[in-house]
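# Descriptive analysis of the structure
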Amino acid sequence: MTRSMIGPAETEAATAPRIGMLGGTFDPVHLGHLRSAVELYEHLALDRLHMIPAPQPPLRGRPQVAAEARLSLLEAGIGDTPGLYADGRELKRAGPSYSADTLAELRAEYGDDARLVMALGEDAFSRLADWHDPERLFALAHIVVIARPGYPIAQTQRLGELIGQREVADASALMQTPHGGLLRVTLPSRMAISATEIRRRLQQGESVRYLLPEAVERAAVARQLYQTNDYPTDGCQAGE
Ligand SMILES: Nc1ncnc2c1ncn2[C@@H]1O[C@H](COP(=O)(O)OP(=O)(O)OP(=O)(O)O)[C@@H](O)[C@H]1O
Ligand SMILES: O=C(O)c1ccc[n+]([C@@H]2O[C@H](COP(=O)([O-])O)[C@@H](O)[C@H]2O)c1
């Protein structure tokens, strides 16, 4: 397409900022998160990807490590990686870390034209219909589902109704509008790494080398994090 054939809508799509959010418990952050983040950043040609630790992830027990420490491990893991940003904004809010609230903040900051994308793995996507105000997520952002080895999507009727006709074929179609679309992606380096397995290994004194960045491993060991097996399952009220 030559420049003169581009209409106003296409020009808008080409110039609007492309912003991603990858929220997580990050307890701790690992290479499954970070390599996915880099590949997603490239695949969607994002301007910035906010990686945002949740102090109180709504659908699971209280994390093992306090939010401040998880944020600091995330900062160590990201280091100087271009485009990735360790964003501590959810630590400033009380109560459950609802993604709709976070997306509303990002939408207000980047404006109505911004292409705002919330990324999540297949395991998290399976429970999307149980999230706080799930329709609002699509009113604020696109949703991109990252294929994750070992977590086939459990597609319930409620999830199907939520998705409706939102699915698009590729990144270029997604970026035609600021929000409301759904895209499934299989990134090149699918990694069967989980924080659960890393916590177990650290607690048992087994190697975690090459499952997370060395800077994160060093920081976790130096601060004696994850050496006990006290992962609570009784809600998120206490501690953070
Ligand atoms: N290896 C991976 N590949 C792709 N996506 C991932 C991977 N690990 C986590 N994710 C996604 O990143 C987001 C944050 O994940 P989270 O911090 O819960 O890590 P986790 O490894 O799933 O942790 P846990 O084992 O404690 O449940 C979620 O959307 C999750 O689906
Ligand atoms: O908004 C919600 O209701 C909601 C419900 C479950 C999970 N989330 C978010 O999804 C991200 C991944 O959560 P988790 O539990 O899979 O680590 C994290 O940012 C959570 O805050 C958000």
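Residues numbered from 1 in each chain as written. Chains lettered and ligands numbered in written order. Predicted model: local features only at pLDDT ≥ 70, side-chain atom pairs only at ≥ 80, totals over all residues.

Going by this rule: UniProt positions are given in the numbering used here, feature names are shortened, and annotations may be inferred rather than shown by experiment.
The name given to the chain in an unreviewed UniProt entry is Probable nicotinate-nucleotide adenylyltransferase, and the organism recorded there is Vreelandella subglaciescola. Word for word, the UniProt comment on the chain under Pathway (unreviewed entry) is "Cofactor biosynthesis; NAD(+) biosynthesis; deamido-NAD(+) from nicotinate D-ribonucleotide: step 1/1." Under Catalytic activity (unreviewed entry), UniProt gives the following word-for-word description of the chain: "nicotinate beta-D-ribonucleotide + ATP + H(+) = deamido-NAD(+) + diphosphate".

### Focus: the site of ligand 2
Convention followed: Whether a residue is near a molecule or strand depends on its C-beta atom, generated from backbone atoms, being within 6 Å of that molecule or strand. Helix and strand assignments follow DSSP, with helices taken as H or I runs no shorter than four residues and strands as E runs no shorter than two, numbered in order from the N terminus.
Near ligand 2 lie 15 residues; those nearest to it are Gly23, Thr25, Ala54, Trp131 and His132. Elements that contribute at least two residues to the shell around ligand 2 include exactly β1 (18-24) and α4 (99-110).

### Comments concerning helix α2 (residues 31-43)
Just so we agree on the cut-off: To estimate how far a helix should reach, multiply one less than its number of residues by 1.5 Å. Backbone-placed C-beta atoms define the burial measure: a residue is buried with 20 or more other C-beta atoms within 10 Å of its own, exposed with 12 or fewer, and partly exposed in between. This entry defines residue contacts through backbone-placed C-beta atoms, with two residues in contact when those atoms are within 7 Å.
Taking 1.5 Å as the rise per residue, α2 with 13 residues should run 18 Å; its terminal C-alpha atoms sit 17 Å apart, in good agreement. Taken as a whole, α2 has its buried residues at Gly32, His33, Leu34, Ser36, Ala37, Leu40 and Tyr41. Contact partners of the buried residues in α2: β1, β2 (48-53), α3 (67-78), β3 (84-86), β4 (115-121) and β5 (142-146). Of the residues trailing α2, Ala45 is marked for its positive phi of about 50°.

### What about the environment of Leu162?
With respect to the element layout, Leu162 can be found in helix α7 (residues 157-163). Judged by the 18 C-beta atoms lying within 10 Å of it, Leu162 falls in the partly exposed class. Each residue touching Leu162, except ones within four places of it in the same chain, is listed here: Leu128, Ala129 and Pro134.

### Describing the sheet that holds β2
This is how the line gets drawn: Two strands are counted as paired when DSSP detects at least two bridges linking them. Throughout, an axis means a line fitted to C-alpha atoms (over the contacting stretch in the case of helices), and angles, computed between N-to-C directions, take values from 0 to 180 degrees.
Sheet architecture is open: 6 strands sit in the order β3-β2-β1-β4-β5-β6, paired in parallel fashion. In the strand order of this sheet, the two ends are held by β3 and β6 (182-185), each with one partner. If you compare each strand with its neighbour and ignore which way they point, the axes differ by 25° on average. Bridge analysis of β1 against β4 gives 5 bridges, and the strand direction is parallel. Opposite Gly20, over in β4, you have Val117 as the bridge partner. Here α4 sits on the sheet and contacts β1, β2 and β4; the angle it forms with β1, its principal contact strand, is near 155°.

### What to know about the confidence of the model for the chain
Filter applied, for reference: Confidence of the predictor at the level of single residues is given by pLDDT, which spans 0 to 100.
Residues with a pLDDT of 70 or more make up 90% of the chain, whose mean pLDDT is 92. Every residue in residues 233-240 scores below 50 in pLDDT, and together they form 15 contacts with partners more than four places removed in sequence or on other chains. Across the assembled chains, the prediction reports ipTM 0.99 with pTM 0.93.

### Examining the nonpolar core
Let me state the cut-off plainly: The term nonpolar core refers to a group of buried residues, namely Ala, Val, Leu, Ile, Met, Phe, Trp, Tyr and Cys, whose C-beta atoms join them within 7 Å.
The biggest cluster of nonpolar side chains holds 54 residues, and the ones touching the most others in it are Met51, Met118 and Ala119. Counting residues per element, this core draws most heavily on α3, at 6 residues. If we ignore the near neighbours within four places in the chain, the residues touching Met118 are Met21, Ser99, Leu103, Leu137, Ala141 and Ile143.

### Considerations on the packing of α3 against helix α10 (residues 214-222)
Which entries qualify depends on this criterion: Helix crossings fall into two classes, left-handed where the near helix is turned counterclockwise from the far one by less than a right angle and right-handed where it is turned clockwise.
Between α3 and α10, the shortest axis-to-axis distance is 7 Å and the interhelical angle comes to 145°. Regarding α3 and α10, the two cross each other, and that crossing is right-handed. Across the interface between the two elements, Leu73, Ala76 and Gly77 from α3 touch Ala215, Val216, Ala219 and Ala220 from α10.

### With respect to the UniProt feature "domain: Cytidyltransferase-like" (unreviewed entry) in the chain
The feature "domain: Cytidyltransferase-like" (unreviewed entry), as given by UniProt, occupies residues 21-201 in the numbering adopted here. From the first C-alpha to the last, residues 21-201 spans 28 Å; its make-up is 37% helix and 16% strand.

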